[in-house]
Amino acid sequence: MLIDALNKINMAFNQRIKAKRSYEVEDELAFIQDFPEPKDDIERAYFQYKCSCFLYEQKIILFFKNIVSLAGILYYMLVKCRKRPAEGCAHRYVFVFNGDDLDVVPDKYRDQLMKVNIAFYLYLNKDDKKFIRKIWKRYPFSFFFLFKCIVKLATYRAAIEMYHPQTILCSCENSYTSSILTMYCEKMGMEHINLMHGVVPISVSLAFHRFHVSSVWTAGVIETHKILRSGSERYEIEIPKCMRYDVKHDMEQMGRYTYYMQDTSEEILSGLVNVYREMQKRGISLILRPHPVFTNMDDVKRYLPEAEIEDTESVSIQDSINRAECIIARFSTVLWQAQIMKKRTMIDDISIPEMYEKLKKRRIFMWDEGAEKMSMFLQSHVK
């Protein structure tokens, strides 16, 4: 599918560019503050688009994505989105989310819930196309911006035609389509609610999003949203099922120190080797749990061939936390999940010390006040 191919190209470009270009949080916040107050949701969405693309991406890459997107616009508007979907059973809530885990949905939204993937079915009626032409007229040469708006709007229209929801749920505060989709839901007489699904740092790509309701896990996220000039009208603090695991006391597994990995660049893996060796000198063998998406296991085995790797397919994240005496990570929602379960947690602040300081500035650790710092642990456990 064209949208999948374009997303992969976009992710590949962004990863390469961000590896070369690095801005401090102060630079990103200054970039955000340079924008005037958006006059409407279309302009708010375009501001978020500029925050997502213009700071990090090179002009030649934006030009390439625009050319590809123009073809996509013509194909989707003229061919792909013409067939009206068959009407299905009505559901009060539709959750537009590319993923299988519904545990991010708070309990109160679970009744009469239908989950659909982005671009699961695409349809645009005459009023939708008129709305899209209005956006196109405002930003006639921003084809990549417009193309993603078309795909999301066509997804929402298909969901409305099939399931007649009162509320559309999503998890896309990092998508510059958020404000336009909220505006669209208002036109349809529906509510648009965003569900938090992971760590929310101060990041330029999250600036200017807007929803009728933002469901977050902690009050600190509300402050982060305000710093990022969010236009959300109302906030609800809800801890979803994915963060509320049952505590199981497994005495046979006491003594396990489990390190939760994320991405695996050479710098990160070199730092992890240092952490592993320092803990080993103190009689502690770390068990490594890879991230299901971002961890390259071939690289991990090359740097630490002797390390015990936890099998993510046979050991759930809940069981992993329960089995561990101490949960360790550079940053991760796992740290907060473990704290909710009243488990011992430790932040790795030594593998890449300068990264830890940068993450602090981005408010990554707003809920980790109860966590130990690895630097303090190593100092107090002299080898």
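What counts and how
- Residues numbered from 1 in each chain as written.
- Predicted model: local features only at pLDDT ≥ 70, side-chain atom pairs only at ≥ 80, totals over all residues.
- Heavy atoms only, no water.
- Helix = DSSP H or I, 4+ residues; strand = E, 2+ residues; numbered from the N terminus.
- Rg over C-alpha atoms; globule rule 2.2 N^0.38 Å.
- Buried < 20%, exposed > 50% of the residue type's maximum accessible area, 1.4 Å probe, protein only.
- Areas by Shrake-Rupley, 256 points an atom, 1.4 Å probe, with all protein chains shown as cover.
- Lys, Arg positive; Asp, Glu negative; His and termini not counted.
- Charge placed at Lys NZ, Arg CZ, Asp CG, Glu CD.
- Patch = residues over 30% accessible without salt bridge, like charges linked within 9 Å, V, L, I, M, F, W, Y side chains within 5 Å.
- Salt bridge = Lys/Arg side-chain N within 4 Å of Asp/Glu carboxyl O.
- Axes fitted to C-alpha atoms, helices over the stretch in contact; angles between N-to-C directions.
- Parallel < 35°, antiparallel > 145°, perpendicular 65-115°, else oblique.
- Contact = heavy atoms within 4.5 Å.
- Nonpolar A, V, L, I, M, F, W, Y, C, P; charged D, E, K, R; others polar.
- Pairing = 2+ DSSP bridges.
- Expected span 1.5 Å × (residues − 1).
- Arc of directions from axis to C-beta.
- Left-handed = near helix turned anticlockwise from the far one by under 90°.

Caption draft 1: Geometry of the overall build of the chain. Helix and strand counts for the chain come out as 14 helices and 12 strands. Taking 383 residues into account, the globule formula puts the C-alpha radius of gyration at 21 Å, and the chain, at 22 Å, falls close to it. When the backbone C-alpha atoms are referred to their principal axes, the chain occupies close to 70 × 45 × 35 Å. Here the chain, with 383 residues, has 55% of them falling under the buried criterion. A total of about 18,200 Å² of accessible surface is found on the chain, and carbon and sulfur atoms cover 52% of it. Computed over 55 positive and 50 negative side-chain charges, the inter-centroid distance for the chain is 7 Å.

Caption draft 2: Representation of a nonpolar patch on the surface. Together, Leu 74, Tyr 75, Leu 78 and Val 79 give the surface a local cluster of nonpolar side chains, amounting to about 400 Å² of exposed area. A residue is classified by how much of its surface remains accessible, and Tyr 75, at 41% relative accessible area, is partly exposed.

Caption draft 3: Structural context of the packing of helix H3 (residues 41–53) against helix H7 (residues 178–187). Two numbers describe how H3 lies on H7: the axes approach to 7 Å, and their chain directions differ by 160 degrees. One element, H3, and the other, H7, form an angle in the roughly antiparallel class. The residues of H7 that touch H3, namely those facing Asp 41, Ile 42, Arg 44, Ala 45 and Gln 48, are Ser 178, Ser 179, Ile 180 and Met 183. Considered class by class, the residues forming the contact of H3 with H7 number 4 nonpolar, 3 polar and 2 charged.

Caption draft 4: Quick look at the pattern of salt bridges. Applying the stated criterion across every chain yields a total of 27 salt bridges. One salt bridge in this structure joins Asp 41 and Arg 210, with 2.6 Å as the shortest N-O distance. Linking Asp 41 in helix H3 with Arg 210 in the loop between strand E4 (191–195) and strand E5 (213–216), this pair joins segments that are 169 residues apart in sequence. Accessibility classification places Asp 41 together with Arg 210 in one group, the buried group. Among the ionic contacts, a cluster of salt bridges with common partners joins Lys 108, Glu 191, Arg 234, Glu 236 and Glu 238.

Caption draft 5: Highlighting the sheet that holds strand E3 (residues 167–170). The sheet built from 6 strands is open, its strands ordered E2-E1-E3-E4-E5-E6 with parallel pairing. Either end of the sheet is taken by a strand with one partner, and the two such strands are strand E2 (113–116) and strand E6 (234–237). Going across the sheet, the axis of each strand differs from the next one's by a mean of 25 degrees, ignoring polarity. The pairing of E3 with E4 spans 4 bridges and is classified as parallel. Each residue of the ladder has a partner; that of Ile 168, found in E4, is His 192.

Caption draft 6: How the structure looks around the sheet that holds strand E10 (residues 326–329). If you walk across this open sheet you meet the 6 strands as E9-E8-E7-E10-E11-E12, and the pairing is parallel. Single-partner strands in this sheet number two, and they are strand E9 (308–309) and strand E12 (372–373). In this fold helix H12 (residues 333–340) packs onto strand E7 (257–260), E10 and strand E11 (344–347), with an angle of close to 155 degrees to the strand it touches most, E11.

Caption draft 7: Fine view of helix H4 (residues 59–80). With 22 residues, H4 extends 29 Å from end C-alpha to end C-alpha; this agrees with the ideal 32 Å at 1.5 Å per step. Every buried residue belonging to H4 is among Ile 61, Leu 62, Lys 65, Asn 66, Ser 69, Gly 72, Ile 73, Tyr 76 and Met 77, and all of these are buried. Along the axis of H4, the buried residues cluster in a sector spanning 135 degrees; they form a single face. Set apart from the buried face of H4 by more than 90 degrees, the exposed residues are Ile 60, Phe 63 and Leu 78.

Caption draft 8: Focus on the environment of Ile 287. Along the chain, Ile 287 turns up in strand E8 (residues 286–289). In sequence terms Ile 287 and Glu 310 are 23 residues apart; their C-alpha atoms lie 6.6 Å from each other. Discounting chain neighbours no more than four positions away, the residues touching Ile 287 are Arg 256, Tyr 257, Thr 258, Tyr 259, Glu 308 and Glu 310.

Caption draft 9: Region of interest: the packing of helix H5 (residues 126–138) against helix H6 (residues 143–163). In the contact formed by H5 and H6, the axes pass within 11 Å of each other and the chain directions differ by 160 degrees. It follows from the interaxial angle that H5 and H6 lie roughly antiparallel. The two elements H5 and H6 meet at a crossing, and its hand is right-handed. On H6, the residues that touch Asp 128, Phe 131, Ile 132, Ile 135 and Trp 136 of H5 are Phe 143, Phe 145, Leu 146, Ile 150, Leu 153 and Arg 157. Here the residues of the contact of H5 with H6 are counted per class, giving 9 nonpolar, no polar and 2 charged.

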